[in-house]
Amino acid sequence: MGKNGNIHPTRIFKTPEDLEQAYNEYKDDLKEQANEWLKVQYISSGERTAEPQKVPMTMEGFERFCYNNYGSVHHYFDNKQGYYSDFGTICSRIRKEIRENQIIGGLLGFYNPSITQRLNSLVERSSVEVTEQPLFPDVSENDSDK
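Overview of the structure. (Residues numbered from 1 in each chain as written. Predicted model: local features only at pLDDT ≥ 70, side-chain atom pairs only at ≥ 80, totals over all residues. Heavy atoms only, no water.)

## Re the packing of helix α1 (residues 16-33) against helix α2 (residues 59-69)
Logical step 1: One way to put it is that α1 packs onto α2 with a least axis distance of 10 Å and a crossing angle of 105°. By the criterion of interaxial angle, the relationship of α1 to α2 is roughly perpendicular. For the pair formed by α1 and α2, the contact residues are Leu19, Ala22, Tyr23, Glu25, Tyr26, Asp29 and Gln33 on the first element and Gly61, Phe62, Arg64, Phe65 and Cys66 on the second. (Axes fitted to C-alpha atoms, helices over the stretch in contact; angles between N-to-C directions. Helix = DSSP H or I, 4+ residues; strand = E, 2+ residues; numbered from the N terminus. Parallel < 35°, antiparallel > 145°, perpendicular 65-115°, else oblique. Contact = heavy atoms within 4.5 Å.)

Structure representation (structure tokens):
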């Protein structure tokens, strides 16, 4: 229930379990999508092989899946007016599982590590300090008298 005890009238999912079920369907859909993204290789005999690739989870992908199958779900995750507070735990778990999938996929080389870092705000920061050093140090007049 929302902050005022009311359930938002346009709720697509009545319970967090309903949203979780949609998320599980999204994960199954990704397995089917893998058949669209084939990695073609030629083995030593010249034989061509094509294997499905692992499709990464994304929040955008989950929102698209829900939009196509149920309707818009961004408001469950945004919860701007407090109508979806009871979905907070499942929304947090979905976000964390998607992030974990991207990070592990990047670490194992299934996904581009650079893109994985950017998507998840994982930045290696290094500081480089540059100091100017003259090529020919100034020679003072006192030094030239020696």
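The discussion continues.
## Details of the nonpolar core
Logical step 1: In this structure, Phe13, Leu19, Phe62, Tyr76, Phe77, Phe87 and Ile94 are the most contacted members of the largest nonpolar core, which totals 23 residues.
Logical step 2: Of all the elements in the fold, those that place two or more residues in this core are α1, α2, α3 (74-78) and α4 (88-107).
Logical step 3: For this core, the element with the most residues is α1, which contributes five residues.
Logical step 4: When sequence neighbours within four positions are dropped, the list of residues in contact with Leu19 reads Phe13, Phe62, Phe87, Ile90, Cys91 and Ile94. (Core = buried A, V, L, I, M, F, W, Y, C linked by side-chain atoms within 4.5 Å. Buried < 20%, exposed > 50% of the residue type's maximum accessible area, 1.4 Å probe, protein only.)

## Description of the side chain of Gln102
Logical step 1: Its location among the elements puts Gln102 in helix α4.
Logical step 2: Among the residues examined, Gln102 registers a relative accessible area of 7% and is labelled buried.
Logical step 3: A polar atom in the side chain of Gln102 sits 2.8 Å from the backbone oxygen of Met57.
Logical step 4: Each residue touching Gln102, except ones within four places of it in the same chain, is listed here: Met57, Thr58, Tyr111, Thr116, Leu119 and Asn120. (Polar contact = N/O pair within 3.5 Å; in protein donor to acceptor, adjacent residues only side chain to side chain.)

## Thoughts on the packing of α1 against α4
Logical step 1: The contact between α1 and α4 brings their axes to 10 Å, and the two run at 20°. Judged on the interaxial angle alone, α4 and α1 are roughly parallel. Here α1 runs over α4; the crossing is right-handed. Counted together, Pro16, Leu19, Glu20, Tyr23 and Lys27 of α1 and Ile90, Cys91, Arg93, Ile94, Glu97 and Ile98 of α4 form the full contact between these two elements.
Logical step 2: For the contact of α1 with α4, a count of residues per class yields seven nonpolar, no polar and four charged. (Left-handed = near helix turned anticlockwise from the far one by under 90°. Nonpolar A, V, L, I, M, F, W, Y, C, P; charged D, E, K, R; others polar.)

Everything listed here is a matter of geometry and, on its own, says nothing about what the molecule does.
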